[in-house]
Amino acid sequence: MIVAIDGPAASGKSTTAKMVAKKLKMTYLDTGAMYRAVTLALLRSNTDLDDYDSVCQVVDELELDIYDQGAKTVVKLDGEDVSQAIRSMPVTENVSAVSAVKYVREAMVEIQRNIGKKTNCVVEGRDIGTVVFPDAEFKIFMVADVKMRAERRLKELHEMGENRSLQEVMTDLKRRDEKDSTRSHSPLQKADEAIEIDTSMLSIDQQVGKIINLVREKNN
Ligand code: DC
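Here the structure is a predicted model, which is why all the values come from computation and not from measurement.

Calculation rules
- Residues numbered from 1 in each chain as written.
- Predicted model: local features only at pLDDT ≥ 70, side-chain atom pairs only at ≥ 80, totals over all residues.
- Heavy atoms only, no water.
- Pairing = 2+ DSSP bridges.
- Helix = DSSP H or I, 4+ residues; strand = E, 2+ residues; numbered from the N terminus.
- Expected span 1.5 Å × (residues − 1).
- Buried < 20%, exposed > 50% of the residue type's maximum accessible area, 1.4 Å probe, protein only.
- Arc of directions from axis to C-beta.
- Contact = heavy atoms within 4.5 Å.
- Near = heavy atom within 4 Å.
- Polar contact = N/O pair within 3.5 Å; in protein donor to acceptor, adjacent residues only side chain to side chain.
- Areas by Shrake-Rupley, 256 points an atom, 1.4 Å probe, with all protein chains shown as cover.
- Axes fitted to C-alpha atoms, helices over the stretch in contact; angles between N-to-C directions.
- Patch = residues over 30% accessible without salt bridge, like charges linked within 9 Å, V, L, I, M, F, W, Y side chains within 5 Å.
- Salt bridge = Lys/Arg side-chain N within 4 Å of Asp/Glu carboxyl O.
- Lys, Arg positive; Asp, Glu negative; His and termini not counted.
- Charge placed at Lys NZ, Arg CZ, Asp CG, Glu CD.
- Parallel < 35°, antiparallel > 145°, perpendicular 65-115°, else oblique.
- Left-handed = near helix turned anticlockwise from the far one by under 90°.

1. A look at the pairing of strand E3 (residues 64–69)
Judged from the six bridges that link them, E3 and strand E4 (residues 72–77) form a sheet pairing that is antiparallel. Its bridge partner being in E4, Leu 64 is matched across the sheet by Leu 77. Taken together, E3 and the strand that follows it, E4, pair antiparallel across an intervening segment of two residues, in which Gly 70 is found at a positive phi of about 60°.

2. Examining helix H1 (residues 13–24)
One turn of an α-helix holds 3.6 residues; hence residues three or four places apart share an orientation. With twelve residues, H1 ought to run about 16 Å at 1.5 Å a step, and its terminal C-alpha atoms sit 16 Å apart, in line with that. Three or more residues of H1 are buried, namely Lys 13, Thr 16, Ala 17, Val 20, Ala 21 and Leu 24. For H1, the buried positions fall inside an angular range of 130° around the axis, keeping them on one side. H1 presents Lys 22 and Lys 23 as exposed residues on the side facing more than 90 degrees away from its buried surface. The inward-facing, buried residues of H1 contact strand E1 (2–6), strand E2 (27–30), strand E6 (121–125), strand E7 (138–143) and helix H9 (204–219).

3. Quick word on the site of the ligand
Taken together, 16 residues form the shell around the ligand, and within it Arg 36, Arg 105, Asp 127, Asp 180 and Arg 183 come nearest. Arg 105 places a polar side-chain atom, nitrogen or oxygen, 2.8 Å from an oxygen atom of the ligand. Asp 127 is positioned such that a nitrogen or oxygen atom in its side chain is 2.8 Å from a nitrogen atom of the ligand. Calculation on the ligand without its partners gives an accessible area of 450 Å², and the protein chains cover 97% of this total. Tallying contributions element by element places helix H2 (residues 31–44) first for the shell around the ligand, with four residues.

4. What to know about the sheet that holds E1
Across the sheet, five strands lie side by side as E2-E6-E1-E7-E8; this open sheet has parallel pairing. At either end of the open sheet lies a strand with only one pairing partner, and these are E2 and strand E8 (195–198). The average undirected angle you get between the axes of adjacent strands in this sheet is 20°. The sheet contact formed by E7 and E8 spans four bridges and is parallel. Bridging from a neighbouring strand, Phe 141 pairs with Glu 196 of E8. Each of E2 and E6 touches H2; the most contacted strand, E2, lies at about 45° to it. Contacts from H9 reach E1, E7 and E8, with the element oriented near 165° to E7.

5. Examining a negative patch on the surface
Taken together, the side chains of Asp 48, Asp 50, Asp 51 and Asp 53 make up a negatively charged region of the molecular surface. Residue Asp 53 is classed as exposed on the basis of its relative accessible area of 59%.

6. Re the packing of H2 against helix H5 (residues 102–118)
The interhelical angle for the contact between H2 and H5, taken along N-to-C directions, is 135°, at an axis separation of 11 Å. Viewed along their axes, H2 and H5 adopt a mutual orientation that is oblique. In this structure, H2 crosses over H5, and the sense of that crossing is right-handed. On H5, the residues that touch Thr 31, Met 34, Tyr 35 and Val 38 of H2 are Val 104, Arg 105, Met 108, Val 109, Ile 111 and Gln 112.

Structure follows, in structure tokens:
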């Protein structure tokens, strides 16, 4: 069984998807973390992001591992734990450009589908219900007011020791939303049959409860 959770940056997908996975005893898959890991590999190797062949070469050579460990997702790049490094600002600033590259998407989608074949998963991202798992049993599209999303992201960044202003974070979110929604390959889009949840006024428990209820109602 696949529960697909899509939506723009900082709409509450990660926290919700993690808790839903835990409650339903399913695997949690953060596909954004995969695009972030590729971005980190490209930045570390000083690859020119406009040089298509070089980007493809780095993608072909990298070894990416992603798995749940207790309550957290571990992301390994060539054996090194990069779970923290992929959340840094340089990665965040470049990830939309990297995830717009078709070759990168195809490589990531293949890994995502292989994981989904092996286990019941709650998968969060931008194109999960539309492209990666179009036959997912459950499709959720989470949205929230941009200021609300920026406040949430700012809190996360402060907890990681990154000092940013609300305005900076809001500008970055808007820029990423625009890029992620207008790219030609698998743009951020609500699947026709997805259920939209506006999390602006909801607590995490309410968001999780809504999804759990949907799954339980259909499965009973
Ligand atoms: O969920 P996130 O903010 O960590 O995702 C980082 C970036 O990865 C986001 O700006 C768009 C991209 N992404 C994507 O294109 N497709 C996905 N399925 C997941 C993320």
